[in-house]
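Residues per chain are reported as follows:
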Amino acid sequence: MYENPNLRRLGRSIACGLLTAAVTFAQGPPQPPEAGPDEARADQGPKHGTNQGPSQELGGTPPSASSPAKVVTRTDAAFPGLTLFASLKSTKTQLIDLDGKVVHEWQHDLPPGNSCYLLADGSLMRCARVAENETFSGGGAGGRIERWTWDGERVWSYAIDDAGRLQHHDIALLPNGNVLAIAWEAKTEEQAFEAGRDVDGLTSAGIWPDMVLEIRPDGPTGGELVWEWHVWDHLVQDVRKGRATSGDPRAFPGRVNFNLDLDSGQVQKTDAELEAEQAKLRALGYASAPAGASDGQTGQRGRPGRADWLHTNSIDYDPATDLILLSMREIGELWVIDHSTTTEEARGSKGGRQGRGGELLWRWGNPVNHRAGAAAQRALYGQHDARWLGGGAVMVYDNGEGRPEGAYSRVLELQLPIDAEGIVARMKPGEPAAPAKPSWCYDGGPEGRFYSSHISGAERLPNGNTLICVGEEGRFFEVDRAGTLAWDYRAESEQGPGGRRGGPPNGGPPNGGPPSGGPPGDGPAGEGRGRGPGGQRPEGRGPEGRGPGRRGPGGRGPGGGPGGGAGGGPGGYFRASRIALDHPGLARLKADADTDVDHK
């Protein structure tokens, strides 16, 4: 465990927060107004803890000379607390104060896979990335869920890592102590074909539909699977008749069009672009590609379809409504499903508090996915970190990779159509789900654009501010509701604090792009082709009009080829969270500080 010389002073601040709830932070005066946005404070003190470098088990190499972390802006408006994060290439999880000083850290034996959470008892629940899986690899891969005590002892390690499934990206913690996990499940090319996957979307790697698993921890390595939900149970397609999945995707908005990525006009990337993207993700520490394994992007034939066709990258749970929120990066959508169902009900379309079984209750971001709009109505591009805010509202970091009017990121707040009883309004066939537009949008404005094509996140703080993690740049900053900067931290980076700085890469929009919420535009159409398993041309691809022109406007995630602005050195940052000073999980920090005082 890291021993910090500022622990005693910080402990007194936490005591104040715990006892009076008047969360004040005795860490020195805020940055003087005359300090520029890129000027470090003279009294900054110790920098980041020593970087452990990338895991050698995963074949990484230590970073070259990296620039130290620093706080470039701190004001009285910043929400008092500690910021929790982990570099994707490191085996550490760290807590820093508002001056950027490391006050506590956990040392692990595996890098993140990818999220982490501080619990009320001071323990850390995290996802860990295993070195290799025989079936799955690529961006966001994990494989293990771990719990570490405040003192750095691993007390629970649960593997979801075999030939048929792999945990990835994120988990959600339930009030009863159970854990919700996202995982890929393997389906073969033949299974995908029989279920109605278009031949243009087939790869020899098969396809990896996502599932949500609820685990009840048991012992140091055990866990009981108590609930599950599978995308595979809720497919619809009109490519192949006579299947259980056959139907008109427009008529069933609660089901998932098995060919939505091909129907929606998303531009397919070339093999060279996909290879460049994977190299970038590996540089960030976000992906590994063991020799001989498919990377989930090109398959083994280099076809444009991909095994990881949805790329679910976040999960959050709302205890007030018993609803689960999912982010599907690859297709530009957020989904809500009902957790109140039984596992059997979750396979169908009846049951549960909402009465709709495991079907999608709400979906937003790209209505063309269920044939309820045009490509120009797409709102989300490669988004991450969808979170419940309470009262039926959610927030999401919209990365912006592939945005037709230019690559820039933004944070959106949305008000879902949920009534006072927590019931989600039924979606209507052929109509986009509410809301028509976000209730709040922050994109930095023309002078303050920020951009990360991958990873990243945003968190609403108790004082109404928003903490934003620009993951590729290694930048964490806090703004108020009006967009005024309250705090700005640049994490350790080989390319200098914050990694690539400035506007979007490679031809971003002039002056940072259009005003917030500007509509995306259309692009050129393309034409698809391909064959079924064994190289034979199967039955038709669906109704007329689904051939030429189906791959056109918009960008397809996860994207972010050359020029995406990866922060080198210790890698990227999946997200960051601010822990309030009165959080019970920080009680040990105060106790350690008091003990230190007693021993002086």
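From a predicted model like this one, the values you see are computed outputs, not experimental measurements. (Residues numbered from 1 in each chain as written. Predicted model: local features only at pLDDT ≥ 70, side-chain atom pairs only at ≥ 80, totals over all residues. Heavy atoms only, no water.)

Student: Sorry, what's going on with the nonpolar core here?
Tutor: Most often, soluble globular proteins keep nonpolar side chains buried together rather than apart. Among the nonpolar cores identified, the biggest contains 50 residues, and L180, W229, W309, I324, L326, W335 and W362 are the most heavily contacted of them. Per element, the largest residue contribution to this core is 5 residues, and it comes from strand β17 (residues 323-328). Those residues in contact with L180 that sit more than four places away from it in its chain are D170, I171, A172, L174, V212, L213, E214, W227, I315, Y317, I324 and H339. Ranked by size, the runner-up nonpolar core spans 19 residues in total, among them A69, V71, I96 and L467. (Core = buried A, V, L, I, M, F, W, Y, C linked by side-chain atoms within 4.5 Å. Buried < 20%, exposed > 50% of the residue type's maximum accessible area, 1.4 Å probe, protein only. Helix = DSSP H or I, 4+ residues; strand = E, 2+ residues; numbered from the N terminus. Contact = heavy atoms within 4.5 Å.)

Student: Can you help me understand the environment of S456 in this one?
Tutor: By the secondary structure assignment, S456 is in the loop between β23 (440-442) and β24 (457-460). Judged by its relative accessible area of 1%, S456 falls in the buried class. For the pair formed by S456 and A576, sequence separation is 120 residues and the distance between their alpha carbons is 8.2 Å. In contact with S456, other than residues within four places in its own chain, are H384, D385, Y397, N399, C469, V470, G471, E472, Y573 and F574. Within the structure, the side chain of S456 is placed 3.0 Å from the side chain of S452, a separation counted as a polar contact. A distance of 3.1 Å separates a polar side-chain atom of S456 from the backbone oxygen of H454. (Polar contact = N/O pair within 3.5 Å; in protein donor to acceptor, adjacent residues only side chain to side chain.)

Student: Whenever I open this one, the packing of aromatic side chains confuses me. Can you help?
Tutor: Two aromatic rings, taken as a pair, are described by how far apart their centres are and by the angle between their planes. Scanning the model with the defined rule gives 18 aromatic pairs in all. For the ring pair Y442 and F450, a centre distance of 5.8 Å and an interplane angle of 20° mean the geometry is stacked. Residue Y442 is classed as buried on the basis of its relative accessible area, which comes to 12%. Taking relative accessible area as the criterion, F450 reaches 1% and is therefore assigned buried. Taken together through their ring pairs, the aromatic side chains of F85, F476, W487, Y489 and Y573 make up a single cluster. Positioned over the ring face of F258 is R197, at 5.7 Å from the centre of the ring. (Phe/Tyr/Trp six-rings, centres within 6.5 Å; stacked < 30°, edge-to-face > 60°. Lys NZ or Arg CZ within 6 Å of the ring centre and 35° of its normal.)

Student: What exactly am I supposed to notice about the layout of surface pockets here?
Tutor: The method is simple in principle: a probe with the dimensions of a water molecule rolls over the atoms, and the space it marks as empty is what remains. There is about 840 Å³ of room inside the largest pocket. Counting residues per element, the lining of the largest pocket draws most heavily on strand β20 (residues 384-390), which supplies 5 residues. Split by residue class, the lining of the largest pocket holds 19 nonpolar, 2 polar and 8 charged. (1 Å grid on protein atoms, 1.4 Å probe; cavity = no way out; pocket = protein on both sides within 12 Å on 5 of 7 lines; lining within 4 Å. Points joined across faces, edges and corners; volume = space filled by probe spheres on them. Nonpolar A, V, L, I, M, F, W, Y, C, P; charged D, E, K, R; others polar.)

Student: What exactly am I supposed to notice about the pairing of β24 here?
Tutor: Remember that side chains alternate between the two faces of the sheet whenever the strand is regular. Inspection of the sheet shows β24 paired to strand β25 (residues 466-470) by 4 bridges, in the antiparallel sense. For R460, the partnering residue across the bridge sits in β25 and is T466. The turn joining β24 and β25, which pair antiparallel and follow one another in sequence, is formed by 5 residues; a positive phi near 95° is taken by G464. (Pairing = 2+ DSSP bridges.)

Student: Help me understand helix α4 (residues 271-284) in this model?
Tutor: Think of an α-helix as turning once every 3.6 residues; residues three or four places apart then point the same way. The end-to-end C-alpha distance of α4, which contains 14 residues, comes to 20 Å, matching closely the 20 Å that a straight helix rising 1.5 Å per residue would cover. The set of residues buried in α4 consists of L274, E277, Q278, K280, L281 and L284. Projection of α4 onto a plane perpendicular to its axis shows the buried side chains occupying an angular sector of 160°, all on one side. Away from its buried face, by an angle of more than 90 degrees, α4 presents the exposed residues A272 and E275. (Expected span 1.5 Å × (residues − 1). Arc of directions from axis to C-beta.)

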